[in-house]
Amino acid sequence: MKKIIILPPEISQKIAAGEVIERPCSAVKELVENSLDAGASEIKVELLSGGKKMIRVTDNGQGMSREDARLCFERHSTSKIETVNDLNRIETLGFRGEALPSISAVSRVILKTSDGEKGTLVEREGEDLKQVSDVAFPRGTSVEVGDLFFNLPARRKFFRSDRAELSFILRYLTSVSLAYPEVRFSLIHGKRQVFDFPPVAGRKERIFQAFGRALLERLFEVDYAEGDWRLFGYSSRPPSGRRDRSHQLFFVNRRLVKDRTFQAALNQAYRGFLEKDTFAEGFLFLTCPYPEVDINVHPAKAEVRFRDSSRVFQLVVHVIEQEVLKEKGIKEIFPVGEGKKSSFSREEISPASAFRVGEERDLIWKDVLPPPAKKAQIYPQAIGQYEQTYVVALSEEGIIIVDQHNAHERVLFEQYENIDREKRWPKKLTLLPVVFDFSPSQVLSFEENAAVLEEAGFRVEHMGGRSYALREYPDIFNEQEAKDALLSLLEEMKAETIEDKKKKMLATLACKTAVKSGQALTLEKMNYLLEELFKLSNASLCPHGRPVMVKISRKEIEKGLRRS
Ligand code: ADP
Ligand code: MG
């Protein structure tokens, strides 16, 4: 082993800088946070080569005196906290006094600032102070960062293309701008103005500026207060989500945070309500008492720790879930802006003769529950079947087209869930034992799932070797169907938890017993299906996460026919 030495400051500074500043976007983030902390109402970000060559952030905040302008580059120089206790209630975005020293240790910095009295220019190159001089400058601050990591080439190698670095910065700025709608943000890359968001009244307007109308129309608003806590924001109207999580943004006391609690809460709130492999879009703003959240967790302050994260989880789930349940979540084929409520009443609807009304062939209609009680609610009214696959119905809001198989599957799934919960599966004995020779993997699956299958009414006896006999099966099948279902179940029940297994099983049973595509239905059956479907809180997706129906809204029909 070599002898221990204390690292000279030019090395230790660079190591420390590397923790705070990873790429141009990290520098932009620190500078913009300083501008926001300085109370700026305008923040302009200019870049050359994706920020690799030059970053300049200019604000009209409170500025600095000459003394502060020199001091701010010293490590642990901050105006934002004074005592250890202050760490418990940090109201500013910065507090560590590390950003400017870190940035200046690894770049060429020109600071121009004025507190309204006299302007100061400070120029630095790495650890060297080059000059401090007078400069004419309006109240505010401009920090120019040239050649980031010029003295740490190993870091520069990790930079991506100009485009990629620019897109990180663009993403960060649009995100942070959502929490400060009263602040004007602009971004200029080379000669190009990338965006310019003037101040607006609220977050909704800012989301509109940053993401456009289409996104906003996919979202509902929540605003919930409980004591000193408030959760405000916008979140996806089911069932349409997004393929990635890039539109999940969380803010705590106006700070953009990466936080698993929020992510998990959104997942929970939308469980079963979003199309397969999609994630909710959510822009959520939480405000809570400062001591409830510790932001001193991460050098770049991106992560936070809640004193009581389960409270945060519960709050988000509760608030979002309520709204999710209210949405009927029917996917529109041609989404349009929110129109006024339609005045289309049921009496005005007369079944159109353009649609052929289905006739019943040999349909085995599965109805394991007693017929529903008298209807109080108004359900969409079936007018016929299209290609013996889709039920066409009229509702107050427009024309609804329902996939008969997926819809029936959805309905049966719910019924089976109830039956399963109450453990009252009707069972039927086989006439003669139905004997199977299972494959080795089927044997394994059977051994793993025997208990769950038995609960649902599949009683299977081991005959020796890989032979098994089906003795009893759920009385929603005929014998052949029961056999098919058992084999499918052995294939499909590979999920991990008992709960997931149950779900898979019920979904398979529902799928096997639901009406098929291509089967003719009577109007009576179609209407029964619609009624059962619309009684469900979550009618829009089948148990496998495929959409059950689409809607052509009245508004869109009127638009298409030039009536509006
Ligand atoms: P921190 O933000 O954690 O305090 P920084 O290194 O980012 O640490 O900044 C150090 C200090 O410099 C700040 O506390 C603030 O007083 C001052 N400062 C930095 N940027 C600005 C700015 N844009 N406007 C006014 N003061 C600033
Ligand atoms: Mg700072």
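Overview of the structure.

Here is what the cut-offs are and how they apply
Residues numbered from 1 in each chain as written. Chains lettered and ligands numbered in written order. Predicted model: local features only at pLDDT ≥ 70, side-chain atom pairs only at ≥ 80, totals over all residues. Heavy atoms only, no water. Pairing = 2+ DSSP bridges. Helix = DSSP H or I, 4+ residues; strand = E, 2+ residues; numbered from the N terminus. Axes fitted to C-alpha atoms, helices over the stretch in contact; angles between N-to-C directions. Contact = heavy atoms within 4.5 Å. Phe/Tyr/Trp six-rings, centres within 6.5 Å; stacked < 30°, edge-to-face > 60°. Buried < 20%, exposed > 50% of the residue type's maximum accessible area, 1.4 Å probe, protein only. Lys NZ or Arg CZ within 6 Å of the ring centre and 35° of its normal. Parallel < 35°, antiparallel > 145°, perpendicular 65-115°, else oblique. Left-handed = near helix turned anticlockwise from the far one by under 90°. Nonpolar A, V, L, I, M, F, W, Y, C, P; charged D, E, K, R; others polar. Expected span 1.5 Å × (residues − 1). Bend = angle between axes of the 7 residues up to and from the residue. Polar contact = N/O pair within 3.5 Å; in protein donor to acceptor, adjacent residues only side chain to side chain. Core = buried A, V, L, I, M, F, W, Y, C linked by side-chain atoms within 4.5 Å. Near = heavy atom within 4 Å. Areas by Shrake-Rupley, 256 points an atom, 1.4 Å probe, with all protein chains shown as cover. Patch = residues over 30% accessible without salt bridge, like charges linked within 9 Å, V, L, I, M, F, W, Y side chains within 5 Å. Salt bridge = Lys/Arg side-chain N within 4 Å of Asp/Glu carboxyl O. Lys, Arg positive; Asp, Glu negative; His and termini not counted. Charge placed at Lys NZ, Arg CZ, Asp CG, Glu CD.

**A word on the sheet that holds strand β21 (residues 459–464)**
The three strands lie next to each other as β20-β22-β21, forming an open sheet whose pairing is antiparallel. Only two strands of the sheet have a single neighbouring strand rather than two, namely β20 (427–437) and β21. The mean angle between the axes of side-by-side strands here comes to 20°, regardless of whether they run parallel or antiparallel. Contacting β20, β21 and β22 (467–474), helix α12 (residues 440–455) crosses the sheet at an angle of about 25° to β22. Running over the sheet, helix α13 (residues 479–492) touches β20, β21 and β22 and is turned about 55° from β20.

**Comments concerning the packing of aromatic side chains**
Aromatic rings in a pair are described by how distant their centres are and how their planes are angled relative to each other. Throughout the structure, instances matching the rule amount to 15 aromatic pairs. Ring centres of Phe149 and Phe159 lie 5.9 Å apart, and the angle between their planes is 50°; this geometry places the pair in the tilted category. Taken together, the positions of Phe149 in the loop between β6 (140–146) and α5 (153–156) and Phe159 in the loop between α5 and α6 (162–179) put the pair 10 residues apart, joining distant regions of the chain. Take Phe159: its relative accessible area is 10%, and that puts it in the buried class. Measuring from centroid to centroid gives 4.7 Å for Phe438 and Tyr468, while their planes differ by 25°, and the two rings are stacked. In this pair, Phe438 sits in the loop between β20 and α12 while Tyr468 sits in strand β22, placing the two residues 30 residues apart along the sequence. Given a relative accessible area of 2%, Phe438 falls into the buried group. Taking relative accessible area as the criterion, Tyr468 reaches 3% and is therefore assigned buried. Three or more aromatic residues link up through ring pairs in this structure, and these residues are Phe232, Tyr234, Phe251 and Phe285. It is Arg108 that lies over the ring of Phe150; its NZ or CZ is 4.1 Å from the centre.

**Here's the deal with the environment of Asp162**
Along the polypeptide, Asp162 turns up in helix α6. Considered as a pair, Asp162 and Gly202 are 40 residues apart in the sequence and their alpha carbons are 32 Å apart. When near neighbours in sequence (up to four residues on either side) are disregarded, Asp162 contacts Ser49, Gly50 and Lys52.

**Brief notes about the packing of helix α11 (residues 404–421) against helix α14 (residues 498–513)**
Where α11 meets α14, the closest approach of the two axes is 8 Å, and the angle between their N-to-C directions is 130°. Considering their axes alone, α11 and α14 lie oblique with respect to each other. Read as a crossing pair, α11 and α14 show a hand that is right-handed. For the pair α11 and α14, the contacting residues are His405, His408, Glu409, Leu412, Phe413, Tyr416, Glu417 and Asp420 in the first and Lys502, Lys503, Met505, Leu506, Ala507, Leu509, Ala510, Cys511 and Thr513 in the second. Broken down by class, the residue content of the contact of α11 with α14 amounts to nine nonpolar, three polar and five charged.

**With respect to α12**
Relative to the 22 Å expected for 16 residues at 1.5 Å per residue, α12 spans 23 Å between its end C-alpha atoms, a close match to the ideal helical length. Helix geometry: α12 is bent most strongly at Asn449, by close to 65°. All of the buried residues in α12 are Gln442, Val443, Ser445, Phe446, Asn449, Val452 and Leu453. Its buried side turned inward, α12 meets β20, β21, β22, α13 and α14. Looking one or two places after α12, you find Gly457, whose phi comes out positive at around 110°.

**Details of α11**
The terminal C-alpha atoms of α11 lie 26 Å apart, and with 18 residues this matches the ideal 26 Å at 1.5 Å per residue to within 8%. Burial analysis of α11 places 14 of its 18 residues in the buried class, the great majority of the element. The backbone nitrogen of His405 has a side-chain oxygen 3.1 Å away, supplied by the residue at the start of α11, namely Asp403. Directly after α11, the chain includes Lys423, whose backbone phi takes a positive value near 50°.

**Observations regarding the nonpolar core**
Grouped together as the largest cluster of nonpolar side chains are 57 residues, with contacts concentrated most on Val28, Val32, Leu36, Ile43, Val45, Leu173 and Phe185. The element contributing the most residues to this core is α6, with seven residues. Those residues in contact with Leu36 that sit more than four places away from it in its chain are Ile43, Leu93, Val176, Tyr180, Val183 and Phe185.

**Comments concerning the site of ligand 1**
Looking at ligand 1, there are 20 residues lining it, with Asn34, Thr78, Ser79, Lys80 and Gly97 nearest. The side chain of Thr141 places a nitrogen or oxygen atom 3.2 Å from a nitrogen atom of ligand 1. Within the complex, 94% of the 530 Å² of free accessible area of ligand 1 lies under protein. Where the shell around ligand 1 is concerned, the elements lending two or more residues are α2 (24–37) and α4 (99–105). The biggest single contributor to the shell around ligand 1 is α4, with three residues. Split into classes, the residues belonging to the shell around ligand 1 amount to seven nonpolar, nine polar and four charged.

**Describing a negative patch on the surface**
A contiguous patch of negative charge on the surface is contributed by Glu67, Asp68, Asp115 and Glu117. With respect to the helices, strands and loops of the structure, Asp68 is situated in helix α3 (residues 66–71). Judged by its relative accessible area of 36%, Asp68 falls in the partly exposed class.

**Observations concerning unusual backbone geometry**
Going from Pro238 to Pro239, the amide bond is cis rather than trans, its omega being 10°. Inspection of the secondary structure puts Pro239 in the loop between β10 (229–236) and β11 (248–252). In this structure, Asn253 takes a positive phi of about 45° despite not being glycine. By secondary structure assignment, the location of Asn253 is in the loop between β11 and β12 (255–257). Residue Asn253 is classed as buried on the basis of its relative accessible area, which comes to 18%. The backbone of Glu387 sits at a positive phi, close to 55°, despite the residue not being glycine. Within the secondary structure layout, Glu387 lies in the loop between β17 (381–386) and β18 (390–395). On the basis of relative accessible area, Glu387 is assigned to the exposed category, the value being 56%.

**Digging into the pattern of salt bridges**
The tally for this structure, following the rule as stated, stands at 34 salt bridges. Between Glu397 and Lys551 there is a salt bridge; the shortest N-O distance is 3.5 Å. Of this pair, Glu397 sits in the loop between β18 and β19 (398–403) while Lys551 sits in strand β23 (residues 549–553); the two residues are 154 residues apart in sequence, bridging distant segments of the chain. The exposure class of Glu397 is partly exposed, given its relative accessible area of 30%.

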